[in-house]
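Descriptive structure summary
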Amino acid sequence: MADIQVLDSGKHRDLRIVTKRGAEYGEAAHIVPIVADELGNIALEYPIVLVKDQESGRFGMCAMLGFEQGENLFLDGDVWDASYVPIQVRRQPFSLSYTAEKDGEPDPASLVISIDMANSRVQEEDGERLFNEDGSHSEFLQGVNNMLAELGPAVTATNAFIDALVSHDLIEPSQLDVQFPGGDKKRFEGLYAVHEETLSKIEGDVLAELYKLGYLQGAWLMLASIGNVRKLMLRRARRDQA
């Protein structure tokens, strides 16, 4: 169970963070959330899909890392075999939290860095220090702060991008039929993708607006990324043969 605490230079002065990759650090996942700012990098290596939250009805954008629960085909021991690692993986065990509200809404001025003390990356013996001896932020923590500062606005921009896809009927349910080397077949349901036919028919002011906002390019990147499913299948085949 997570133990989220606001990062404090006094209380957490001696903490260190293990930065190497590994399943023991929660990275054995077959799907991971991504943000729109990452699309250019993600589309080169990972299939990109949309998933729907059954409670809120909202869509989230994710990169596929494998085909089964707990299967990350990019992870080989302590090596992540890709040129780009999604930010939601790299930010662990840190997050942003609001400590106060204003007019019934989270107060942006109260935004602070939090840490999951239950995460196995959090140690006192090994890893990168969070604070210097004088209590100031270490170079590592400054880097974390910069990354999280970019992530907040990126999440907002991603929601706006997905809302635009929804408003223009550019999302459709998608069945992913996979045949693995050796003949095994599997169908994955509950996924969503960009509706290519509808996207190709957009014109006029809508086309211009989507292009101006960068949403048109994002939608095509998502479509193009589906070709990475074949690469994922080859990774699965190599793993099964090892």
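Because the structure is a prediction, the values reported are computed rather than measured. (Residues numbered from 1 in each chain as written. Predicted model: local features only at pLDDT ≥ 70, side-chain atom pairs only at ≥ 80, totals over all residues. Heavy atoms only, no water.)

1. Description of the packing of helix H3 (residues 139–167) against helix H6 (residues 215–225)
The interhelical angle for the contact between H3 and H6, taken along N-to-C directions, is 80°, at an axis separation of 11 Å. Between H3 and H6, the crossing angle belongs to the class labelled roughly perpendicular. Two secondary-structure elements touch here, H3 through Ala160, Phe161, Ala164 and Leu165 and H6 through Tyr215, Gly218, Ala219 and Met222. Here the residues of the contact of H3 with H6 are counted per class, giving 7 nonpolar, 1 polar and no charged. (Axes fitted to C-alpha atoms, helices over the stretch in contact; angles between N-to-C directions. Helix = DSSP H or I, 4+ residues; strand = E, 2+ residues; numbered from the N terminus. Parallel < 35°, antiparallel > 145°, perpendicular 65-115°, else oblique. Contact = heavy atoms within 4.5 Å. Nonpolar A, V, L, I, M, F, W, Y, C, P; charged D, E, K, R; others polar.)

2. Things to note about the sheet that holds strand S15 (residues 185–194)
On the basis of which strands lie adjacent, the open sheet formed by 5 strands has the order S3-S5-S4-S15-S14 and antiparallel pairing. Looking along the sheet, the strands with just one partner apiece sit at the ends: strand S3 (31–33) and strand S14 (171–179). Averaged over all neighbouring strand pairs, the angle between strand axes comes to 50°, with direction disregarded. Here H3 sits on the sheet and contacts strand S4 (48–52), strand S5 (59–64), S14 and S15; the angle it forms with S5, its principal contact strand, is near 105°. (Pairing = 2+ DSSP bridges.)

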